[in-house]
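Chain by chain, the residues:
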Amino acid sequence: MAQILDTALAQCTPEEQEAFRFRLAAQRGEPVSAQGIELAQPAPCTVVSYKFLPVYLGERLSSLYAAGAARPSGPGGLEQRVLPGEHRTAHTSTVHVFACGIALALLEEHHRVNSLTELALWRYRSYLMNRAWAGQRITRLLEQHSPVGKAVDPSPDPEYVLSVYELRDHSWTKTGLDPALHLLTTPSVLVNRQDPHNIRPLGAGVEDAKFREGWAHPEAVAFDGGASKGVAGWSGVSYHPQPDERALTTSQIVALELDVQALWALSSHILRMIEEGQDPVMPPAYGWRFLRGAYVRLTTARPTETAQHRVMREAILATSELPDRLRAAQEALRDSNP
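As the structure is a computational prediction, the values presented were derived from the model and not from experiment.

Attention now moves to the overall build of the chain. Helix and strand content of the chain: 10 helices and 11 strands. Relative to a compact globule of 338 residues, whose C-alpha radius of gyration would be 20 Å, the chain shows 22 Å and is just as compact. The C-alpha extent of the chain, read off along each of the three principal axes, is 70 × 45 × 40 Å. Element-wise, carbon and sulfur atoms account for 52% of the exposed surface of the chain, whose accessible area totals about 16,800 Å². Taking the average place of the 33 positive charges on the side chains of the chain and the average place of its 38 negative ones, the gap between the two points comes to 3 Å.

Listed below in C-alpha cells is the structure:
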C-alpha cells in the first residue's frame, strides 16, 4: 500500500505535491506560514561525506604507483592506481596514486546530524586530523614500498581538504532543500573558524535565519541531474540524487573531483615554484603538453555525455578555477621547457 501511495504522489504535479506536504505538515503540527507555505528550518539529515586530500610527491611516487592496483582513468584521462587507506573510522578510505606525481587520500564517511551547524563543526574540526592522517598514511606506504634500506623522507601533509556531500535522508521540501544544499556546500557561514583549533558555532539563530531567508551563496553554482539537485562552490560540492534517477550519480561527481583535485595540486606545485623564483621543471611526459591535453579533456563535451553531466562538470570547473590555473601552469612550463 505504501508503494502504491508513493507512486501516486510521484505522478502528481509539483503544486499537488506541495499541497499534500502542506496538509501533512498541518496534521503533524509542523510550522507553516499564513499563506500555507512551509517555513524552511533546520532539520536532521543523513549525509555521505567524501573528503579529497591531495599532495604532490613528484618522482618519489614511482614506488607507490608500481605497487597500486590498476584503476580506469577518469574524465581528465589521468593514469592512476589505488592503494588501501586503512583509516580507522571511515566507511571506506583509499589512496589514489596519479602517474603525474600526485597522491590523493579519499575518505568516505557517513553521518546523521541534527543540524547543518553540527555537520559544519565536525567538518572543520576533523580537517586538521584528516590532513595529519593523510600525510602519515602516505609516508607509511612510501616506507612499505620503497627498496629495502632506502631512507624515506616523510610525506608533507596535504595543504587543503575538499568535501563532496551526498544528501540522503531529510524532511525538506523545495523550500528548505535549496538553502540546505547551499549550506552543505559552504558551511563556513555557520561557524567561527578564526582559530583552527577551536572551531565554534556562530549561534543557534544563524542557521534558522539562513533557512528563513532562503539563503544562497552568491559565488556558488547550482546544477541538476534532472529531478536531482546539486550545488558547486569553491570549497565543496553538495548533491541530492533521486533514488529512481540514473542521469547523474554521486560516483560520477567523485570521479571528476579525483582528476580535478589531482590537477589542482599539480598546477599549484608548478605555480608555487614560480612564486619562489624558480623555473618549473617537470618530466617530459608531464610537461605543458600533458596539461594542455588534460585541459581539453576536462573542458570539452563528449558526444555521449548527458546534459546533466555537462552542467555538473561546468559548475565544478567554474567554481574551482582549475581551467585558469591549468592555462597559467601550461604557459609557465612552455617557457621553461619548450
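Although it is not a glycine, Glu-86 sits at a positive phi angle of roughly 55 degrees. Inspection of the secondary structure puts Glu-86 in the loop between β3 (80-84) and β4 (92-98). A relative accessible area of 57% places Glu-86 in the exposed class.

This paragraph deals with the packing of aromatic side chains. By the definition in use, this model includes 6 aromatic pairs. Relative to Trp-264, the ring of Tyr-160 lies with its centre 5.5 Å away and its plane at 70 degrees, an arrangement referred to as edge-to-face. Here Tyr-160, found in the loop between α4 (116-145) and β6 (162-167), pairs with Trp-264, found in helix α7 (residues 250-275); they are 104 residues apart in sequence, far enough to count as distant. Its relative accessible area of 14% is what places Trp-264 among the buried residues. Seen in terms of ring centroids, Trp-172 and Phe-211 are 5.5 Å apart; in terms of plane orientation they differ by 20 degrees. Their pairing is stacked. Placement of the pair is Trp-172 in the loop between β6 and α5 (174-185) and Phe-211 in helix α6 (residues 204-212), with a sequence separation of 39 residues. In this structure, Trp-172 and Phe-211 share a single accessibility class: buried. Three or more aromatic residues link up through ring pairs in this structure, and these residues are Tyr-160, Trp-234 and Trp-264.

Let's shift gears to the packing of α7 against helix α8 (residues 288-299). A pair of packed helices is captured by two measures, namely the crossing angle of their axes and the spacing between those axes. Viewed as axis vectors pointing N to C, α7 and α8 meet at an angle of 145 degrees, and their least axial separation amounts to 12 Å. Crossing geometry of α7 relative to α8 is assigned as left-handed. Contact with α7, carried on its side by Leu-256, Leu-263, Leu-266 and Ile-270, involves Phe-290, Leu-291, Ala-294 and Leu-298 of α8 and no other residues of that element. By residue class, the composition of the contact of α7 with α8 is 8 nonpolar, no polar and no charged.

The next thing to look at is the pattern of salt bridges. With the rule as written, the count across this model stands at 10 salt bridges. A salt bridge links Lys-51 to Glu-109, with the nearest nitrogen and oxygen atoms 3.3 Å apart. Of this pair, Lys-51 sits in strand β1 (residues 45-56) while Glu-109 sits in strand β5 (residues 102-113); the two residues are 58 residues apart in sequence, bridging distant segments of the chain. Lys-51 gets classed as buried once you look at its relative accessible area, which sits at 0%. Look at Glu-109 and you get buried, because its relative accessible area is 8%. Where Glu-305 meets Arg-313, a salt bridge forms, and the shortest distance between an N and an O atom there is 2.9 Å. Overall, Arg-313 belongs to the buried group, its relative accessible area being 4%.

Strand order in this open sheet of 9 strands is β2-β3-β4-β5-β1-β6-β11-β10-β9, and the pairing throughout is mixed. Each having just a single partner strand, β2 (69-71) and β9 (221-224) make up the two edges of the open sheet. Ignoring strand direction, the axes of neighbouring strands in this sheet form an average angle of 25 degrees. Examined bridge by bridge, β1 and β5 share 12 bridges and lie antiparallel to one another. What sits directly across from Val-48, in β5, is His-110. Packed onto the sheet, α4 meets β1, β3, β4, β5, β6 and β11 (236-240) and runs at close to 40 degrees relative to β1.

Glancing now at α6. Among all positions in α6, only Glu-207, Lys-210 and Phe-211 are buried. In an axial view of α6, the angular spread of the buried residues amounts to 100 degrees, which keeps them on one side of the axis. Contacts from the buried residues of α6 go to α4 and α5. Of the residues one or two after α6, Gly-214 is the one with positive phi, at around 65 degrees.

Conventions we followed
- Residues numbered from 1 in each chain as written.
- Predicted model: local features only at pLDDT ≥ 70, side-chain atom pairs only at ≥ 80, totals over all residues.
- Heavy atoms only, no water.
- Helix = DSSP H or I, 4+ residues; strand = E, 2+ residues; numbered from the N terminus.
- Rg over C-alpha atoms; globule rule 2.2 N^0.38 Å.
- Areas by Shrake-Rupley, 256 points an atom, 1.4 Å probe, with all protein chains shown as cover.
- Lys, Arg positive; Asp, Glu negative; His and termini not counted.
- Charge placed at Lys NZ, Arg CZ, Asp CG, Glu CD.
- Buried < 20%, exposed > 50% of the residue type's maximum accessible area, 1.4 Å probe, protein only.
- Phe/Tyr/Trp six-rings, centres within 6.5 Å; stacked < 30°, edge-to-face > 60°.
- Axes fitted to C-alpha atoms, helices over the stretch in contact; angles between N-to-C directions.
- Left-handed = near helix turned anticlockwise from the far one by under 90°.
- Contact = heavy atoms within 4.5 Å.
- Nonpolar A, V, L, I, M, F, W, Y, C, P; charged D, E, K, R; others polar.
- Salt bridge = Lys/Arg side-chain N within 4 Å of Asp/Glu carboxyl O.
- Pairing = 2+ DSSP bridges.
- Arc of directions from axis to C-beta.

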